[in-house]
Amino acid sequence: GDSVTQMEGPVTLSEEAFLTINCTYTATGYPSLFWYVQYPGEGLQLLLKATKADDKGSNKGFEATYRKETTSFHLEKGSVQVSDSAVYFCALTSGGYQKVTFGIGTKLQVIP
Amino acid sequence: GAVVSQHPSRVICKSGTSVKIECRSLDFQATTMFWYRQFPKQSLMLMATSNEGSKATYEQGVEKDKFLINHASLTLSTLTVTSAHPEDSSFYICSAHRETPDYEQYFGPGTRLTVT
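Described in the following lines is the structure provided in the data block. (Residues numbered from 1 in each chain as written. Chains lettered and ligands numbered in written order. Predicted model: local features only at pLDDT ≥ 70, side-chain atom pairs only at ≥ 80, totals over all residues. Heavy atoms only, no water.)

## Things to note about unusual backbone geometry
Here comes step 1: Omega for the bond connecting G9(A) with P10(A) falls within 30 degrees of zero, at 10 degrees, which places this linkage in the cis form.
Here comes step 2: Along the chain, P10(A) falls in the loop between β1 (3–6) and β2 (11–14).
Here comes step 3: One non-glycine residue, E16(A), lies in the positive phi region at around 75 degrees.
Here comes step 4: Locating E16(A) in the fold gives a position in the loop between β2 and β3 (19–21).
Here comes step 5: Note on E16(A): relative accessible area 61%, which makes it exposed.
Here comes step 6: Residues other than glycine seldom take positive phi values, yet S83(B) does so here, at roughly 45 degrees.
Here comes step 7: Tracing the backbone shows S83(B) in the loop between β8 (76–81) and β9 (90–98). (Helix = DSSP H or I, 4+ residues; strand = E, 2+ residues; numbered from the N terminus. Buried < 20%, exposed > 50% of the residue type's maximum accessible area, 1.4 Å probe, protein only.)

Rendered as structure tokens:
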């Protein structure tokens, strides 16, 4: 079945540091890939997505590129802020189905 | 963007009682909604797919008699946890699928259930 693997964390960074959260996936067909963010005490928000190979999703300074050859969708940001502290989930949908398969989530803590 | 609400945001109930959680799509119609459960320090696990006007589809291992799902309209799905026990304490999140214009899922803010 489909699966998503991401580093569990927590990841602790100083403000303005470079962020990378790795995500790899296993899926049948051609999945769509997503990053969701969950701020403390809140639900999920879609951060960015990519629907086909080599697409780059970007939003709020975050970006991720759909790499079919390495089955990866790593999340990056050049300079993190304290307000980026949250849990980040890598996810996919495949086969035209609406069901979302999530990774375990990576907690990011940014310190001033 | 599309808005999905959940009510209540937090609920505490006694063991053996039932509790209902509502999920509403506020500005779009959703034929399909999903219910997830999130355990501490773990990912979201899909519990069931809620289909308007028909029975819900439950994932393997989810007790359908314990977690009753009703999708009576295109904007409302409810999850009722029956005869709740402390192990049912969790964070429950719903999502609603919007077909047009973006064929995207939108998530509610979640409901924290505590069973004492």
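Anyway, onward from the coordinates.
## Overview of the interface of chain A and chain B
Reports often express the size of an interface as the amount of accessible area lost when the parts come together.
Here comes step 1: Taken together, the contact pairs 17 residues of chain A with 20 residues of chain B.
Here comes step 2: Carbon and sulfur atoms make up 50% of the area that chain A and chain B hide from each other, which totals about 1,400 Å².
Here comes step 3: Ranking the residues of chain A by area buried against chain B places L44(A), Q98(A) and K99(A) at the top, with a combined share of 38%.
Here comes step 4: The tally of links from chain A across to chain B stands at two salt bridges.
Here comes step 5: For K49(A), the salt bridge is made with E104(B), and the minimal N-O distance between the two is 2.2 Å.
Here comes step 6: At the level of secondary structure, the elements contributing two or more residues to the side of chain A that touches chain B comprise β5 (32–38) and β6 (44–50) of chain A.
Here comes step 7: In terms of residue class, the side of chain A that touches chain B is made up of eight nonpolar, five polar and four charged. (Contact = heavy atoms within 4.5 Å. Buried area = accessible area lost by both parts, 1.4 Å probe. Salt bridge = Lys/Arg side-chain N within 4 Å of Asp/Glu carboxyl O. Nonpolar A, V, L, I, M, F, W, Y, C, P; charged D, E, K, R; others polar.)

## A short note on the environment of S9(B)
All names here are of chain B.
Here comes step 1: Here S9 shows up in the loop between β1 (4–7) and β2 (10–13).
Here comes step 2: Measuring from C-alpha to C-alpha, the distance between S9 and T111 comes to 4.4 Å, with 102 residues separating the pair along the chain.
Here comes step 3: Residues within four places of S9 in sequence aside, it is in contact with G110, T111 and R112.

## Focus: the pattern of salt bridges
Here comes step 1: Taken as a whole and assessed by the stated rule, the structure comprises seven salt bridges over all chains.
Here comes step 2: Across the salt bridge formed by E63(A) and K56(A), the nearest N and O atoms sit 3.6 Å from each other.
Here comes step 3: Here R24(B) makes a salt bridge to E22(B), at a shortest N to O gap of 3.5 Å.

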